[in-house]
Amino acid sequence: MKAYVVEREALIHNIQALKRFAGDVPIWGVLKGNGYGIGLIPLARHLWENGITRFAVTEMKEAEHLREAFPECEILMMRSTADPAEINELLDLNVILTIGSYETAVAVNSIAGERSTVASVHLCIDTGMGRYGFFPDQTDKIISIYDYMKSLAVEGIFTHFHSAFCSEKATRQQFEQFTQLLDKLQDAGYETGMAHCCNSAAFLKYPEMHLDGVRLGSALLGRLSFQSKLNLKKIGYAECTVEEIRTIPKGSTVGYAAGFKAKEQTRVAVIGLGWYNGFTAERQNDLFRVRDSLWAILRHIRDIFIRRNIIVTVNGHKCRVLGHVGMVHAVVDVTDIDCALGDKVVAQVNPLTVKGLRIQYR
Ligand SMILES: *Cc1c(COP(=O)(O)O)cnc(C)c1O
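In what follows, the accompanying structure is described. (Residues numbered from 1 in each chain as written. Predicted model: local features only at pLDDT ≥ 70, side-chain atom pairs only at ≥ 80, totals over all residues. Heavy atoms only, no water.)

Focus: the overall build of the protein chain
- Each helix and strand in the protein chain was counted, giving ten helices and 18 strands.
- Considered along the principal axes of its C-alpha atoms, the protein chain spans approximately 80 × 45 × 35 Å.
- Residues counted as buried form 51% of the 362 residues belonging to the protein chain.
- Summed over all atoms, the accessible surface of the protein chain reaches about 18,000 Å², with 50% contributed by carbon and sulfur.
- Side chains of the protein chain give 41 positive and 40 negative charges; the mean places of these two sets differ by 10 Å. (Helix = DSSP H or I, 4+ residues; strand = E, 2+ residues; numbered from the N terminus. Buried < 20%, exposed > 50% of the residue type's maximum accessible area, 1.4 Å probe, protein only. Areas by Shrake-Rupley, 256 points an atom, 1.4 Å probe, with all protein chains shown as cover. Lys, Arg positive; Asp, Glu negative; His and termini not counted. Charge placed at Lys NZ, Arg CZ, Asp CG, Glu CD.)

So, the site of the ligand
- Contacts to the ligand come from Val 30, Lys 32, Tyr 36, Met 78, Arg 131, His 160, Asn 199, Ser 200, Arg 215, Leu 216, Gly 217 and Ser 218.
- At 2.9 Å from an oxygen atom of the ligand is found a main-chain nitrogen or oxygen belonging to Gly 217.
- Relative to its unbound accessible surface of 390 Å², the ligand loses 89% to contact with the protein.
- Looking at the shell around the ligand, its residues break down into four nonpolar, five polar and three charged. (Near = heavy atom within 4 Å. Polar contact = N/O pair within 3.5 Å; in protein donor to acceptor, adjacent residues only side chain to side chain. Nonpolar A, V, L, I, M, F, W, Y, C, P; charged D, E, K, R; others polar.)

Some points on the state of the cysteines
- Taken as a whole, this structure holds zero disulfides when the rule is applied.
- Lacking any disulfide linkage, Cys 240 is separated from the closest cysteine sulfur, that of Cys 319, by 12 Å.
- No disulfide involves Cys 319; its sulfur sits 6.8 Å from the nearest other cysteine sulfur, which is in Cys 339. (Disulfide = S-S within 2.5 Å.)

Right, here's the structure in full:
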């Protein structure tokens, strides 16, 4: 038995806490990456049952599966596409399309026109994320969509923050650019529909930025890189069993590169979790900025001096991992605890990095 266990109660707790905090502002449940690793449809079902009926995705398959399971839900394709096959399918599925460029607008407008229908779209504004979207100063282009593209119905407009988790200044600048554009469009008499910019971090930190909607992903899973007052819970953990118990004599080594050498006789348990399963992939470093690299190096140096043990729970007791974690195995010290073959092992693993584990809702 190897599984990633999702605790229903914790998930529902998070959904309800987020809903309460959002008040009247609608929440888009962001479900990309197979629902952040815990299953597109199961996560969507929990959202639906708790009153969140709007879903945001990035893949065609996600839109297909959601539409099949929830005929009545709203689906926003957050990625802009000019591919005729994708546009046709999104229209078939009654999905809201993102318009991230003039070219996309032309493509969607012409296909919707041919189909004698009007496509529901949200305009994407690039305030610094740099993937899709009009720049806030491309007002003329944006306005020409309203003026000339009669087969597009602009029902919303959004931008995406790049640093909500780490920089208030950058986020406020992006917000400012976005809201100035909104004002400009509205002053000129154009309806912007649902304006939305918050991801989880911005939603929790800057309530004044909620506008007409928010897009939440990681907060649903209680996985944030900062402390939030909402008391969100981590919704899951990896579970496996003790596969072998051995007593190794003083001087024995454990794992690749003999990363652990027993200073005394030690009782060890072999557990069926390794880096392939996402175990200890937790502290992957983003090394995009010089500052990130420096921090990573400093952490690395600190770890050389202060051995930070990786801890799992065996049979309810905390145990440290000995040596390097293998691909699908790790070895833990059980000298001081009661444990037997088949006992339950629990470990913290980020669901986004989970592989080879069955997702199980309990
Ligand atoms: C992933 C994503 C979100 C959700 O981000 P979280 O930080 O996980 O809440 C919102 N908007 C867009 C455009 C995204 O790509």
